[in-house]
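Read off the chains here:
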Amino acid sequence: LDEAPPRRPPPKPLLKAYLRRATARAELGLFTEAEEDLKVAAEMVPEKEKVEIGKQMAALRAEIESARREAAISADLAADLAAAGGEGAASGPATEEAAAAGAEDPIRAADPLRVREILDALQSAVSVSGGGSDAAADPLLDQLSPLLANPKCRLCLRQAGGIALLVRLLPVSAPRAALLLTKLCGDRRAQLEVHQSGGTTAALRGIKAGVRLDTPTVSPAAAGGGAAAGRTAESAVQGDKVARRVAIEEVGSEDDGEESRAHPPTHTAAGPPAPSPAGQPAPSSGVLPRGLAPVTAHLRLLTAGCSHPTVSERVRQAAAAEETYPRLVRLLALSAPPENEALASLHQAHGAAAALVGALSCGVKSKALISLAAPLSAAIVARAASVAAPLDVRMSCATAIGNLSTSSAFRTQLIQVGGPEALLSLARLASPGNSSAQAGDAKNRLARDLVRAEALLPNTLAALNNLSLLPDGMAAISAPEIGPLLVPWLVEAGASRLLRRRALAVLAKGANRSADIVAHVLRDRRAVPALTRLIEAELGRGAEPAGGTAGANAQVAAGAAAGMGESGGAADGEAGDETEAEALEDGGGGGMLGNCVRLITACARDAAGPPALCDAGALPLLAAILRTPAHASSHGNAALAVAECATEPRSLAVLAVQAVVPPLLDMAHRAQGQAMKNAAIALARLAKNEHCLNAIREAHGIEILARAMKGDVAKTMARG
């Protein structure tokens, strides 16, 4: 065979080869070929690994969409330049007269030629001063800032080498240059370009220079945070009347790999030093020698760049080398701003630091991050529970807690410092009727309540759900107040799919352990019909192909082991992120459908549950779930719900006319563990109906149950 290559058998296809070739082709712009390689790879992997391929497919499609938009903008830009007289039409450096003309004429202010003029002037300033200076660069950067609202101006700046020039200016004009780079990072391709030009490295070094580790600071407990702050946060709910809408990123809820295993919370020499004596306020001026503004700007730039998965991975590695993690802890622990700076500036820095923690804690946690689990947990929870902090800062902290809580090391620490109490205090702010709308305007009040709930609840609930993997965290989502807090958003027609899915996950887990939550769901006459409609909609969605549109950001992970699946940013990524989270949850029996079935099963155990489910038309849907192999992860709970409903005569009669016996027999024959037992119990109770009993006998169900149960259930049915 070695002498006859044509007769040699073809080599076995290698999964890694297809994945690596897909990556290479994507880098070369061969998007169609890269997508074909990923499709072949998806066919080669087992079902549980297809989600990872789905992430890569979503990242590829995001890159394709970004390239398509950029090509369209580039064509418009070329047409504008041609209409203005070509690329040589720029008339020279920017002047005060030109700036005044731009201020008077918005069209002139958005002219890409103005961008080139300003860049030429910046380049001259950098060349003359040997690196630029505040006096020369800042006025030009101020002129450039409003222009970047125009996508054509952003692309023009990139094409003219503006990113590299702005990165060069970061050390001398940090706040302004970082702000412009952050605006540019609104475009996906610019995120990678900023990183490749050294922007993320410069930002990490700016944080290293701007936050010192060799001066004392106060502990979060001394600053009023920690567990005490979490417990007292409820009293502050009434004082916060401001509803803000911010961009929400879903958080992760999947346990990490090898690096995320618990490590002892040791502090190295570079870690946070001991608290100040007697809990005195931190000497912030010594901690922040350059002030808050440059540090905040660098933090925001890094967070924006980390929206790109490649950049996020690289920054996560570099952050450990530059000792960024202990500096984030140090900044979050500050309770007072430097001298001559406003408290609002410190709040902005806290929000930026929390957002970066959330970005860097996505996916596998680095050892450098895990080694700071105790101080970071205390600092981030203190900020989340702080009644003095603005709402957007507290929400950024909730997002960070959600991502950190995917690690078992952080879950323990977050619970010890009062994380569940801090999260519940945030969730209470979204309770219906807590907005500042006028009492008489019901429609306006509901709209404001919904806006606040959409901003506050998804990440807060995801974090609570992650923490509930430990007993102390489970107590938080089993509290009686969870029902009144979340059921209104489950039944609200205007609520987003994301909000409903997160609320369902917490309600399903809490209802399984709290009769009070079940009672509230059944008392609200809208709840069970709403659950029925959601199941019906999900069964329709189940016919759609899955896996190809999973989201690109790993921070939106929810797995069967830890989080939404277990619980029986920008507009570009939001839809994809949601799809990825659902794909991961569905794999573990979670997602919208799985959690609906869990909640219905919990309700079926209550005496009032089976009649309510029967009246709402839920029983035929349970039978449909059992007949659908694609929903196998929900079959065990659906069988248990059928078993509970079969104890009520009217529900038993309805179930008798459903084709429910064959799938239950198949479960009793093929399934294992609790799912098999649930199916056997359901068949035993269905056998009280003559029609069901005959169907079981005709399908040799008695023998199947005898082999499956080897117990009294089959003997009782045989006598029956």
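See the structure shown above.
Calculation notes
- Residues numbered from 1 in each chain as written.
- Predicted model: local features only at pLDDT ≥ 70, side-chain atom pairs only at ≥ 80, totals over all residues.
- Heavy atoms only, no water.
- Salt bridge = Lys/Arg side-chain N within 4 Å of Asp/Glu carboxyl O.
- Helix = DSSP H or I, 4+ residues; strand = E, 2+ residues; numbered from the N terminus.
- Buried < 20%, exposed > 50% of the residue type's maximum accessible area, 1.4 Å probe, protein only.
- Lys, Arg positive; Asp, Glu negative; His and termini not counted.
- Polar contact = N/O pair within 3.5 Å; in protein donor to acceptor, adjacent residues only side chain to side chain.
- Core = buried A, V, L, I, M, F, W, Y, C linked by side-chain atoms within 4.5 Å.
- Contact = heavy atoms within 4.5 Å.

*Asks:* Where do I start with the pattern of salt bridges in this structure?
*Replies:* Counting across every chain of the model gives 25 salt bridges. Between Asp37 and Arg25 there is a salt bridge; the shortest N-O distance is 3.0 Å. Pair noted here: Asp37 is in helix α2 (residues 31–44) and Arg25 is in helix α1 (residues 15–27), with a separation of 12 residues, a long-range link. In this structure, the salt-bridge partner of Glu63 is Arg189, at a minimum N-O distance of 3.1 Å. Remark: Arg189 occurs in helix α11 (residues 188–196) and Glu63 occurs in helix α3 (residues 50–83); sequence separation between them is 126 residues. One salt-bridge network, in which partners are shared between bridges, spans Glu63, Glu70, Arg158, Arg188, Arg189 and Glu193.

*Asks:* For this particular structure, what's the right way to read the side chain of Glu648?
*Replies:* Turning to its location among the elements, Glu648 is positioned in the loop between α34 (635–645) and α35 (649–656). There is no salt bridge for the buried Glu648, and the closest opposite charge comes from Arg650, which lies 4.4 Å off by N-O distance. Here Ser651 takes part through its side chain, which lies 2.6 Å from a polar atom of the side chain of Glu648.

*Asks:* Honestly, the nonpolar core in this entry has me stumped. Any pointers?
*Replies:* Note that soluble globular proteins tend to have their nonpolar side chains buried in a common cluster. In this structure, Ile380 and Leu664 are the most contacted members of the largest nonpolar core, which totals 182 residues. Setting aside chain neighbours within four positions, we find Ile380 in contact with Leu332, Ala354, Cys397, Ala400, Ile401, Leu404 and Leu414. Among the nonpolar cores identified, the runner-up in size contains 11 residues, and Ala22, Phe31, Ala34 and Leu38 belong to it.

*Asks:* It is not clear to me how the side chain of Lys509 should be interpreted in this structure. Could you clarify?
*Replies:* Looking at the element boundaries, Lys509 is found in helix α27 (residues 497–511). A polar atom in the side chain of Lys509 sits 2.8 Å from the side chain of Ser468.

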